[in-house]
Amino acid sequence: MRWLTRRRAIGALAAAGLLAALVVPATSIGSGSAAFSPPTKIGKGEGSLNVIEWPAYTDPSFAKPFEKATGCTIHRKDAGSSNQMVALMRAGGGGGGGQYDLVSASGDASLRLIYGKDVVPINVNLLPGWKQFFPYFKSPAHNTVNGVHYGISLQWGPNTLIYNTKKVKPAPTSWSVVYGKKYAGKISIPNNPIQIADAALYLMKTKPALGIRDPYELTKGQFDAAVALLKRQKPLVKRYWNYAADQITDFKNGDVTVGSTWPYQTLTLQASKLSVKDLIPREGTTGWADTWMLAAKAPHPNCAYMWMKYVTMPKVEAQQAIVFGETPVTPLACPYMNKLQAGSCAQYHLNAPAAYLKSIHFWKVPIADCGWGGRKDCVDFTAWQQAWTQITG
Amino acid sequence: MAVDVAREAGSLRGARLRVSAAFWRRPWLKLAALVGPPVGIYTIVYVGSLAVLLASGFWAVNAFTSETVHTWNLGNFRTIFSTTDLTYWRIIGRTVAMAAAVTVTDAVLAFPLAYFMARLAMPRLRALLFVAVLLPLWSSYLVRIYSWRTILSTSGALNWVLTGLGLPAQHLSGTNWAMWLVFSYIWLPFMVLPVFAAIERIPDSYLEASGDLGARAGRTFRSVMLPLVLPGFVAGSIFTFALTLGDFITPALIGGGPGTAMIGSTVEANVGLNVPFAAALTAVPVAIMGLYLMAAKRLGAFEAL
């Protein structure tokens, strides 16, 4: 390093600064487009389809027939978290960077992609499956803004309370079991800022004085109460899990006995003969719902539409639901599910009454616009993320 | 025919001579041609991206769209070095303490092994030990992490041994202790190799001279061995310290319990949402490593590499 005299060092810094100046403007191009109008018919396939997906969302068991029929070869980029999905879509100047066509965004990512102009509106009339969706999933708040559809609903699932039936007695009926001291050091909680909504939902039912209307639309006071609850929970938590496989390992190893989970983990653990059960506690629960969204710079839009059309057919919905352990958005998938796996339609609550769906508060990205009472001072997701770091760190 | 071939060979030789003469006449040209490409790549790819990274730490993010806003401000650094909310101080402190603990542990473990390899082992055994040290590096990092998870879990091998010996079972999974163990294991080869190189370079005559002058083993170790091996330790510590400082996979998979967040895992959590903040937080280990390297240079670590 001795050769680097002070003058030269300054020169090198100046060169680096110049370089930065050259790079910076290039990344800011790409915003401010005029009103976008989605296509009115699906054109010829481009032979290729690049997706950012949750692992197994284009499982070969149902993707192979699609590839054969349309000639669109699927190239997959598996994401491990919603944040990673957004980061991938934002790379290369945003809008999928001219590389990706579709992203299977969950509700804690979809609004970020919409407001970040990374995805474009789609024409749902080109997707016949859409008309048969449950009413809620036709235009849910997490993918439809002012009546404009930014993608097509796909699959959903509740965040359930899981417990080891041998270790947790009596069987819990309330989320209080993960906030109380009884199972301290044996509690498993997702490592996700959206977990604040779970605390808010619990407070909504147990502390009505806070006046929480929607667990994703919290005023400062309500937000602080939820964060305080999670800080009290922190010493009781064994692990904030990052990946579904992590939580499965923890339950198998006996490191945890109760926690918040997805049906997928419960079914996997039950399949490996572990005595676990899950339920939706009496306070209700949060849930996730995924959306196939079309990238703003999609290089293969026709193949993308063909895929969205294909995966929302009841039969394919059923196939995917069984592969991943989630629930279709169309009631017509029920008989197909039962054919694939007897009793699975009821197991995944696809035949449940509308009240069941109502008890689930689906993930959506918190924004400053509360959406109730005309208030604009709700806590946004950036603050959620910072608070979550505070809680877990 | 033969003349043609000779002439052609002559003209080729002539061209080569002209090029080499040009290089000889202009030494700077030779140097530029030799050093230019690597320096260019280093400047653009490495220093350039580092500069962009540091610059973006001063940007902000639109809370509504979470898009990057290119206005200069110190907001991210104010959040990190806040005096009212000590979250990030805690995370930085924990990360540095972990890096230091891992470095010391590896140094203590590496020395006897490296000493044995360098001075006592027969060539065949030495080769075998080399393979043993390097073997873990041939398998996937993730496989090794997951094996450790199984070992440390409540019903894992560690507790099986402990309860078998009549000792109380430990619940290490998800804790900082577990991370310390795994980090120390994973980075050990990076400490063994430079320490080995440093020990191997010490001439036997030095140790004999020390003995001839009446020093006992302990004194020889303190006054001759340790000062000469120190640059090796410092060189190894650069690896163990820097690698621990930036890692995010071990904190996510081995840690994950309350109070185990590290700089790397916090950066990872912010990348999708708030890139400028993640960049600002990344500047912290860069600065720490900068200071560390300056100190290491003083101790002569770069001569031992």
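Residues numbered from 1 in each chain as written. Chains lettered and ligands numbered in written order. Predicted model: local features only at pLDDT ≥ 70, side-chain atom pairs only at ≥ 80, totals over all residues. Heavy atoms only, no water.

1. Observations regarding the overall build of chain A
Alright, step 1. Helices and strands together make up the secondary structure of chain A, namely 16 helices and 15 strands.
Alright, step 2. Its C-alpha atoms give chain A a radius of gyration of 23 Å, near enough to 21 Å, the size a compact globule of 393 residues would have.
Alright, step 3. Dimensions of chain A along its principal axes, counting C-alpha atoms only, are 70 × 60 × 50 Å.
Alright, step 4. Relative to its 393 residues, chain A shows a buried fraction of 55%.
Alright, step 5. Across chain A, every contact between residues at least 6 apart in sequence was considered, and the portion connecting residues at least 24 apart equals 73%.
Alright, step 6. As displayed, chain A has an accessible area near 16,200 Å², and 59% of this comes from carbon and sulfur atoms. (Helix = DSSP H or I, 4+ residues; strand = E, 2+ residues; numbered from the N terminus. Rg over C-alpha atoms; globule rule 2.2 N^0.38 Å. Buried < 20%, exposed > 50% of the residue type's maximum accessible area, 1.4 Å probe, protein only. Contact = heavy atoms within 4.5 Å. Areas by Shrake-Rupley, 256 points an atom, 1.4 Å probe, with all protein chains shown as cover.)

2. Description of the nonpolar core
Alright, step 1. Ranked by internal contacts, the top residues of the largest apolar core, which has 108 residues, are A:Ile196, A:Trp292 and A:Trp307.
Alright, step 2. Looking at which domains feed residues into this core, each of domain 1 (48–154 + 288–350) and domain 2 (160–261 + 366–392) of chain A supplies at least three.
Alright, step 3. Beyond its immediate stretch of four places on either side in the chain, A:Ile196 contacts A:Leu218, A:Phe223, A:Ala226, A:Val227, A:Leu230, A:Trp384, A:Ala387, A:Trp388 and A:Ile391.
Alright, step 4. Residues B:Ile238, B:Ala278, B:Val284 and B:Met289 belong to the second largest nonpolar core, which totals 22 residues. (Core = buried A, V, L, I, M, F, W, Y, C linked by side-chain atoms within 4.5 Å. Domains from an automatic or database assignment.)

3. A word on the interface of chain A and chain B
Alright, step 1. Of the residues lining the interface, 41 residues belong to chain A; the matching set on chain B comes to 49 residues.
Alright, step 2. Taking both sides of the interface into account, the surface hidden between chain A and chain B amounts to around 3,600 Å²; carbon and sulfur atoms contribute 53%.
Alright, step 3. At the surface where chain A touches chain B, the tally comes to two salt bridges.
Alright, step 4. The salt bridge involving B:Arg149 is made with A:Asp246; its shortest N-O contact spans 2.7 Å.
Alright, step 5. On inspection of chain A and its partner chain B, the count reaches 20 residue pairs in polar contact (both at pLDDT 80 or more).
Alright, step 6. Only α1 (6–28), α3 (82–90), α4 (107–115), β10 (237–241), α9 (244–253) and α16 (381–392) of chain A provide two or more residues apiece to the side of chain A that touches chain B.
Alright, step 7. Taken together, the residues of the side of chain A that touches chain B sort by class into 14 nonpolar, 15 polar and twelve charged. (Buried area = accessible area lost by both parts, 1.4 Å probe. Salt bridge = Lys/Arg side-chain N within 4 Å of Asp/Glu carboxyl O. Polar contact = N/O pair within 3.5 Å; in protein donor to acceptor, adjacent residues only side chain to side chain. Nonpolar A, V, L, I, M, F, W, Y, C, P; charged D, E, K, R; others polar.)

4. Notes on the domain arrangement of chain A
Residues and elements named next belong to chain A.
Alright, step 1. Segmenting chain A into domains produces domain 1 (48–154 + 288–350) and domain 2 (160–261 + 366–392).
Alright, step 2. For domain 1 and domain 2, the distance between their C-alpha centres works out to 27 Å.
Alright, step 3. Between domain 1 and domain 2, the residue contacts involve five residues of the former and six residues of the latter.
Alright, step 4. Counting the surface lost from both domain 1 and domain 2, the interface buries some 400 Å², and carbon and sulfur atoms represent 61% of this.
Alright, step 5. Between domain 1 and domain 2 we count zero salt bridges in total.
Alright, step 6. In this assembly, domain 1 and domain 2 are joined by one residue pair in polar contact (both at pLDDT 80 or more).
Alright, step 7. The biggest single contributor to the side of domain 1 that touches domain 2 is α4, with three residues.

5. Observations regarding the pattern of salt bridges
Alright, step 1. Applying the stated criterion across every chain yields a total of eleven salt bridges over all chains.
Alright, step 2. Here the salt bridges share partners, and the residues they tie into one network are A:Arg239, A:Asp246, A:Asp250 and B:Arg149.

6. Structural notes on the side chain of A:Thr219
Alright, step 1. By the element assignment, A:Thr219 lies in the loop between α7 (195–206) and α8 (220–233).
Alright, step 2. Not counting the four nearest positions on each side in its chain, A:Thr219 is found in contact with A:Trp372, A:Arg375, A:Asp377, A:Cys378 and A:Val379.

7. Some details on the state of the cysteines
All names here are of chain A.
Alright, step 1. Counted under the stated rule, the structure contains three disulfides over all chains.
Alright, step 2. One disulfide bridge connects Cys 334 with Cys 345, the sulfur atoms lying 1.9 Å from each other. Every disulfide takes its handedness from the sign of the S-S torsion; for Cys 334 and Cys 345 that torsion is -110°, giving left-handed. In this pair, Cys 334 is assigned in helix α13 (residues 334–340) and Cys 345 in helix α14 (residues 344–347), connecting sequence segments eleven residues apart.
Alright, step 3. Its relative accessible area of 17% is what places Cys 334 among the buried residues.
Alright, step 4. The buried category is assigned to Cys 345, whose relative accessible area is 1%.
Alright, step 5. In chain A, the cysteines engaged in disulfides, taken in order along the sequence, are linked 1-2, 3-4, 5-6. (Disulfide = S-S within 2.5 Å.)

8. Points about the packing of helix α5 (residues 123–138) of chain B against helix α8 (residues 176–201) of chain B
Residue and element names in this part refer to chain B.
Alright, step 1. At their nearest, the axes of α5 and α8 sit 8 Å apart, and the two run at 145° to each other. Between α5 and α8 the crossing geometry is left-handed. For the pair α5 and α8, contact is made by Arg 126, Phe 130, Val 133, Leu 134, Pro 136 and Leu 137 and by Tyr 185, Pro 189, Phe 190, Val 192, Leu 193, Phe 196 and Glu 200, respectively.
Alright, step 2. Counted by class, the contact of α5 with α8 contains eleven nonpolar, no polar and two charged residues. (Axes fitted to C-alpha atoms, helices over the stretch in contact; angles between N-to-C directions. Left-handed = near helix turned anticlockwise from the far one by under 90°.)

9. Thoughts on the sheet that holds strand β11 (residues 258–261) of chain A
Residue and element names in this part refer to chain A.
Alright, step 1. With mixed pairing, five strands are arranged side by side in an open sheet as β10-β9-β11-β8-β12. Strands with a single pairing partner mark the edges of an open sheet, and in this sheet they are β10 and β12 (276–279). Neighbour-to-neighbour, the strand axes of this sheet turn through a mean angle of 25°, independent of strand direction.
Alright, step 2. Relative to β11, strand β8 (residues 160–164) is paired through four bridges, and the arrangement is antiparallel. Along β11, the bridge assignment pairs Tyr 163 with Val 258. (Pairing = 2+ DSSP bridges.)

10. Some words on helix α12 (residues 263–271) of chain B
Alright, step 1. Taken together, the buried positions of α12(B) are occupied by B:Ile263, B:Gly264, B:Ser265, B:Thr266, B:Val267 and B:Asn270.
Alright, step 2. For α12(B), the secondary structure elements touched by its buried residues are α16 of chain A together with α4 (87–120), α10 (217–246), α11 (249–253) and α13 (275–298) of chain B.

11. Comments concerning unusual backbone geometry
Residues and elements named next belong to chain A.
Alright, step 1. In the segment running from Lys 169 into Pro 170, the intervening peptide bond is cis, with an omega of -5°.
Alright, step 2. One can find Pro 170 in the loop between β8 and α6 (176–179).
Alright, step 3. For Asn 146, which is not glycine, the phi torsion reads 50° and is therefore positive.
Alright, step 4. As for its position among the elements, Asn 146 is in the loop between β5 (144–145) and β6 (148–149).

12. Overview of the packing of aromatic side chains
Residues and elements named next belong to chain A.
Alright, step 1. All chains considered together, the criterion is met by 35 aromatic pairs over all chains.
Alright, step 2. Ring centres 5.6 Å apart and planes at 45° place the aromatic pair Trp 262 and Trp 288 in the tilted group. Remark: Trp 288 occurs in strand β13 (residues 285–295) and Trp 262 occurs in the loop between β11 and α10 (263–271); sequence separation between them is 26 residues.
Alright, step 3. A connected cluster of aromatic rings, assembled from ring pairs, spans Phe 62, Phe 66, Trp 292, Trp 307 and Tyr 310.
Alright, step 4. Positioned above the aromatic ring of Trp 130 is the side chain of Lys 138, whose terminal nitrogen or guanidinium carbon lies 5.6 Å from the ring centre. (Phe/Tyr/Trp six-rings, centres within 6.5 Å; stacked < 30°, edge-to-face > 60°. Lys NZ or Arg CZ within 6 Å of the ring centre and 35° of its normal.)

13. A few points about the environment of A:Lys117
Residue and element names in this part refer to chain A.
Alright, step 1. As for its position among the elements, Lys 117 is in the loop between α4 and β4 (119–120).
Alright, step 2. Here Lys 117 falls in the partly exposed class, since its relative accessible area comes to 48%.
Alright, step 3. The spatial distance from the C-alpha of Lys 117 to the C-alpha of Ala 296 is 7.1 Å, given a sequence separation of 179 residues.

14. Side note on a nonpolar patch on the surface
Alright, step 1. There is a patch of nonpolar side chains on the surface, built from B:Ile41, B:Tyr42, B:Ile44, B:Val45, B:Tyr46, B:Leu50, B:Leu54 and B:Val286 and spanning about 760 Å² of accessible area.
Alright, step 2. In terms of residues, the nonpolar patch owes the most to one element, helix α2 (residues 27–56) of chain B, which gives seven residues. (Patch = residues over 30% accessible without salt bridge, like charges linked within 9 Å, V, L, I, M, F, W, Y side chains within 5 Å.)

15. Describing α4(A)
Residues lying three or four places apart along an α-helix face the same way, a consequence of the helix completing one turn every 3.6 residues.
Residues and elements named next belong to chain A.
Alright, step 1. Counting buried positions over the nine residues of α4 gives eight, a clear majority of the element.
Alright, step 2. Lining the buried residues of α4 we find α3, β3 (102–106), β4, β5, β13 and α16.
Alright, step 3. Among the residues trailing α4, Lys 117 stands out with phi positive, at a value near 60°.

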